[in-house]
Structure formats: C-alpha cells, structure tokens
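# Per-entry structural report
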Amino acid sequence: MKNVRWLRALVLCLGAAIVLLPAVSVSGEWSDEKLLSLEVGESKTPAIAAAGNVVYVVWSGDADGLNENTLIQLRRSFNGGQTFEDTPIDVSGGTGNATDPAIAVNGTNVYIVWAEDDVPGSEGNPEICFAFSNNGWNVFKKGSKKFKNDAAVPEPCKKTSGAAPSVLNENFNLSNTPKVDSICPAVAVNGSNVFVAWSEFAKDGFQIVLTQSTNGGNTFPKAKVVNKTLSGGKEADALCPKLAVSGSILYGVWAEDSLGRFEVAFRQLTGKCKDNKNKAIDCPVINLSKSARDSVDPVIAVSGK
C-alpha cells in the first residue's frame, strides 16, 4: 500500500517538464525562452527564486542519459534573466536519484532542498536533503570554512540536522527517517528563520511535517506534523506542500484526499488564529478547491496579510 501511495504521490505532484525559463519582462518587452538544462537525458521539476537582478533556477537532471541517477543542478543569472552562466552547478552529491528541488533566497543567502533515495543508511527510502550558501552560491558557508564552487565536490546528504556542518559542502539530511518515505519538500525563508516542509509516510498515509531553523539553516529540530485532515478523520494522504512566509507567519497549501478525492488544503502554520469571539485558537485547515474532481499541485505567494 505504501508503494502505491508513493507512486500516486509522484504522478500527481511531481510531474515532468523540460527546464526552460519562460519569457522574462525586460524593459517592457518579452524576451525569448532560454534553454537552461544541458543534460543528455531528461530535466524535470524546475524551481525558481530571485533577489534583485540575480535569478536562480534549480532542477533535477539526468546527466548521462541512462536514467540511472539524477542530480540537482543550479544556474544563475546576474542580469534579471537576460543571460545565464554557461555551466550548471552541481548541488547534490549522491549516486542515486535527487528529485523535486525547491529553492528560497534571502539576499545572498540561498537555500535548496530536494528528495534523494540513496542517502547512506536510508535503506532506499527517500530522504529530504538541504544545502545552503551565504554568498549567492559563489562561496559556500560550511561551519567556519569557505571555498569557491569551481573547486567544490558536493558531499552526500548524510549529516543529520541536529548539529552544524563540519566539512566542506556537507549537505544536511533533514528528515532522517531511514525506514519511511519522505518526498516533495518545500522551503521558505524570512530573515534567519528557514522553514522546510515535506510529505512523510506514516501508518495513516502521507502527512505534512515541518521543521524551522532559527539560525539561518545551521541547525534544524526534528520535524513535526502540521496537517489536519479536511474530513476530521485520520486516514488520508497529504501531498507536496508549498510554503509562503510574511513576517513571522507561515502559510502552507497541499493536496489531500480524506474526502474521497484530492482537494487543496490551506492552513496557517505558525502563530495563532482567532475565532469569531476574538479568542486565540489553533488555526483550522481550509478546503480551498471544494471540487467534485481531483485538485492537485497548488502553489502559494504572500504579501503582507
């Protein structure tokens, strides 16, 4: 049953797309599309973030065309998307499949998360991996050491999240759930607060779990379940969250099937909500789609309230 759910999750939420940068508005006109991926094989699940004129695009790419392993790749533009660096940067360092990346940027701090299925000790179950740079991916910050990316070889995702990294380019294993699947990560950042959520398998199905770093991504506590089913019951799959943060308030959306079909669920994930008597309460989960058919793969953005 778990494998069926995982396959269903991948089909509904990961999808497949060749990595192209869609038209970018430059001086009131639309530029041409730009081919960013250079892999021999397929390039999938792109994500994008920007800070000023610096644009970051990440994706999962099959570098050798053999469909045996995929890497997380990053390309940058320093002129608002008009041109990009010639060569992608390798972010993941494993030997299996690194998939479904997400990225968040705060100034020159860049945070990337993905799912990877060859993490040492994970028994083949996907784990959630995390990497960050404090200098726009020009110089990595790993403990007290720094190095340039042209000399960097990413380490496998094996460092658990309870301690700061101690070696160069050491990627965190945020989920650290070696016997269950952790998939579809999302990341959001506000100041030194870095939020990462993902879908993690439990006995009642996939649940949304969340962890928050308060020191810019150096350490993370153990993730906690943050979803509630729309039906009020326990049996459901909650898949592929997306996050948005404004100030201290974090919001999340995902797809869940407790009503017999997938609906888009929304919840405020930090802070308290208020009832009609202005009393503080735990924030409810809200059905946004209310559809007779499946509704999947939501995205979210926020400005102020």
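Above this note sits the structure.
Analysis parameters
Residues numbered from 1 in each chain as written. Predicted model: local features only at pLDDT ≥ 70, side-chain atom pairs only at ≥ 80, totals over all residues. Heavy atoms only, no water. Buried < 20%, exposed > 50% of the residue type's maximum accessible area, 1.4 Å probe, protein only. Helix = DSSP H or I, 4+ residues; strand = E, 2+ residues; numbered from the N terminus. Pairing = 2+ DSSP bridges. Polar contact = N/O pair within 3.5 Å; in protein donor to acceptor, adjacent residues only side chain to side chain. Contact = heavy atoms within 4.5 Å. Core = buried A, V, L, I, M, F, W, Y, C linked by side-chain atoms within 4.5 Å.

### A short note on the pairing of strand E20 (residues 238–246)
A large share of E20 lies buried, amounting to seven of its nine residues. Both E20 and strand E21 (residues 249–256) contribute to a ladder of seven bridges, which runs antiparallel. Looking at the pairing, Val245 lines up with Leu250 of E21.

### Points about the side chain of Glu116
Assignment of secondary structure puts Glu116 in strand E10 (residues 109–116). Among the polar contacts listed, one links the side chain of Glu116 to the side chain of Trp114, at a separation of 2.8 Å. Contact partners of Glu116, with chain neighbours within four places excluded, come to Ser92, Gly94, Asn97, Ala98, Asn125, Pro126, Glu127, Cys129 and Cys157.

### Thoughts on the sheet that holds strand E19 (residues 224–225)
Across the sheet, four strands lie side by side as E16-E17-E18-E19; this open sheet has antiparallel pairing. Of all strands in the sheet, those with a lone pairing partner are strand E16 (182–190) and E19, marking the two edges. As paired strands, strand E18 (residues 205–213) and E19 are joined by two bridges and run antiparallel to one another. Looking at the pairing, Val209 lines up with Val225 of E19.

### Some details on unusual backbone geometry
A positive phi angle, near 45 degrees, is found at Thr45, a position not held by glycine. With respect to the helices and strands, Thr45 occurs in strand E5 (residues 43–51). Taking relative accessible area as the criterion, Thr45 reaches 12% and is therefore assigned buried. Despite not being glycine, Asn278 shows a phi value in the positive range, around 65 degrees. Along the chain, Asn278 turns up in the loop between strand E23 (273–274) and strand E24 (280–281).

### As for the nonpolar core
One recurring pattern in soluble globular proteins is that nonpolar side chains are buried together. If you look at the biggest cluster of nonpolar residues, it comprises 19 residues, and the most contacted ones within it are Leu74, Val91, Ile103, Val110, Ile112, Trp114 and Trp137. Contributing elements (two or more residues each) for this core: E5, strand E6 (54–61), strand E7 (71–77), strand E9 (98–106), E10 and strand E11 (127–133). In this structure, Ile103 is in contact with Ala47, Ile48, Ala49, Tyr56, Val58, Leu74, Val110, Tyr111, Ile112 and Val187, ignoring residues within four places of it in sequence.

This is a description of form; function is not addressed.
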